[in-house]
Amino acid sequence: MTAKHTLPEKLMLSYAAGTLPEAFDLVIASHLSLCDESRIGVEAYEAIGGTIIEKEIPVSMSPGALDRCFGRLDGQAPRPKSGDAVNAVFPKPLRDMIGGDIDTVNWRSIGRGVKQAIIETEGRATVRLLSIPGGVEMPEHGHQGMEVTLVLQGAFKDGQDRFARGDIEVATDDMDHQPVAEDGDVCICLAATENPLRFNSFVPKLLQPLFRI
Ligand code: ZN
């Protein structure tokens, strides 16, 4: 499967280089197990990185080198690893991290039917599971640094864009938004943030320290 919203190249490179905080690694590893195109992209960067390290020479990449590498890897997406549960909601990296699937999550209510479960990781960045009932709007907010959100069930809309299972949304400092869960199925997301969000209204701001969001 390939998601409609795939991982930006800059994040493919950072992930392949292993320079991201653990919170972001978890979201991206989970996305990669749901999206062939992003996985092939990361593998291409890893292959280039491996070649550079092996040869121990400073390399300036020729134009089109990455495209050629992508071309070689195209169509060679690895099959799901044996033992991976076909019907699981959570991708394997997430199941491994929390020790189970969606039925093992210890949800905590954060109001308006929205629930979260923070996953403990190393470093300052945080990662959480969010469960948002269909039709519910998240509070409008901005960001201090990067926010990466992966949809695992249901869908949400953000402006004109729609994000469904496997899709990843990357938000940065210069972007304020208000994602809205699509009517119907509960929307389950895995979201990592570099720093606390900037809320524009009073109540979320007040509750922010309590929910570590
Ligand atoms: Zn956001």
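The structure this text deals with has already been given above.
None of these values were measured; they are calculated from a predicted model. (Residues numbered from 1 in each chain as written. Predicted model: local features only at pLDDT ≥ 70, side-chain atom pairs only at ≥ 80, totals over all residues. Heavy atoms only, no water.)

Draft legend 1. Here's a closer look at the overall build of the protein chain. Secondary structure summary: the protein chain contains six helices and 11 strands in total. Here the protein chain, with 213 residues, has 44% of them falling under the buried criterion. Contacts spanning at least 24 positions in sequence make up 67% of the contacts within the protein chain whose residues lie at least 6 apart. Accessible area for the protein chain stands at about 11,400 Å²; split by element, carbon and sulfur atoms hold 53% of it. (Helix = DSSP H or I, 4+ residues; strand = E, 2+ residues; numbered from the N terminus. Buried < 20%, exposed > 50% of the residue type's maximum accessible area, 1.4 Å probe, protein only. Contact = heavy atoms within 4.5 Å. Areas by Shrake-Rupley, 256 points an atom, 1.4 Å probe, with all protein chains shown as cover.)

Draft legend 2. Quick peek at the sheet that holds strand 7 (residues 161-164). Taken in spatial order, the three strands make up an open sheet running 7-6-9, and their pairing is antiparallel. Edge strands, defined here as strands with exactly one partner in the open sheet, are strand 7 and strand 9 (180-181). Here strand 6 (residues 155-158) pairs with strand 9 via two bridges, running antiparallel. What sits directly across from Phe-156, in strand 9, is Ala-181. (Pairing = 2+ DSSP bridges.)

Draft legend 3. Molecular detail of the coordination of the zinc ion. The protein atoms that coordinate the zinc ion are His-141 (NE2), His-143 (NE2), Glu-147 (OE), Glu-147 (OE) and His-177 (NE2), at distances of 2.0 to 2.6 Å. Read in sequence order, the donor residues coordinating the zinc ion give the pattern H-x1-H-x3-E-x29-H. Of the two residues, His-143 is situated in the loop between strand 4 (141-142) and strand 5 (147-153) and His-177 in the loop between strand 8 (168-171) and strand 9; the sequence distance between them amounts to 34 residues. Accessibility expressed as a relative area gives 4% for His-177, which makes it buried. (Donors = N, O, S within 2.8 Å, 3.2 Å for Na, K, Ca; no water.)

Draft legend 4. Representation of a nonpolar patch on the surface in the model. Side chains of Phe-202, Val-203 and Leu-206 sit close together on the surface and give an oily, nonpolar patch of about 340 Å² of accessible area. Structurally, Phe-202 can be placed in helix 6 (residues 202-211). (Patch = residues over 30% accessible without salt bridge, like charges linked within 9 Å, V, L, I, M, F, W, Y side chains within 5 Å. Salt bridge = Lys/Arg side-chain N within 4 Å of Asp/Glu carboxyl O.)

Draft legend 5. Geometry of the pairing of strand 5. Most of strand 5 is tucked away, with six of its seven residues classed as buried. Here strand 5 pairs with strand 8 via four bridges, running antiparallel. Each residue of the ladder has a partner; that of Val-148, found in strand 8, is Val-170. Relative to strand 10 (residues 187-193), strand 5 runs antiparallel, the two being bridged by six bridges.

Draft legend 6. Molecular detail of the sheet that holds strand 8. With antiparallel pairing, six strands are arranged side by side in an open sheet as 1-2-3-10-5-8. One side of each edge strand has no neighbouring strand; the edge strands of this open sheet are strand 1 (108-111) and strand 8. For this sheet, the mean angle separating the axes of adjacent strands, direction not counted, is 25°. Helix-sheet contacts for helix 2 (residues 22-32) involve strand 2 (114-119), strand 3 (126-132), strand 5, strand 8 and strand 10, and the interaxial angle to strand 10 is about 140°. (Axes fitted to C-alpha atoms, helices over the stretch in contact; angles between N-to-C directions.)

Draft legend 7. Focus on the environment of Ser-201. In this structure, Ser-201 sits in the loop between strand 11 (198-199) and helix 6. A relative accessible area of 35% places Ser-201 in the partly exposed class. C-alpha of Ser-201 to C-alpha of Pro-139: the two residues are 62 residues apart in sequence and 7.7 Å apart in space.

Draft legend 8. The packing of aromatic side chains, seen in detail. Here the structure, examined in full by the defined rule, presents one aromatic pair. Here the aromatic rings of Phe-156 and Phe-163 are separated by 5.0 Å at their centres, their planes lie at 20°, and the arrangement is stacked. Comparing Phe-156 with Phe-163, the two get one shared label, buried. (Phe/Tyr/Trp six-rings, centres within 6.5 Å; stacked < 30°, edge-to-face > 60°.)

Just geometry here; none of it tells us what the structure is for.
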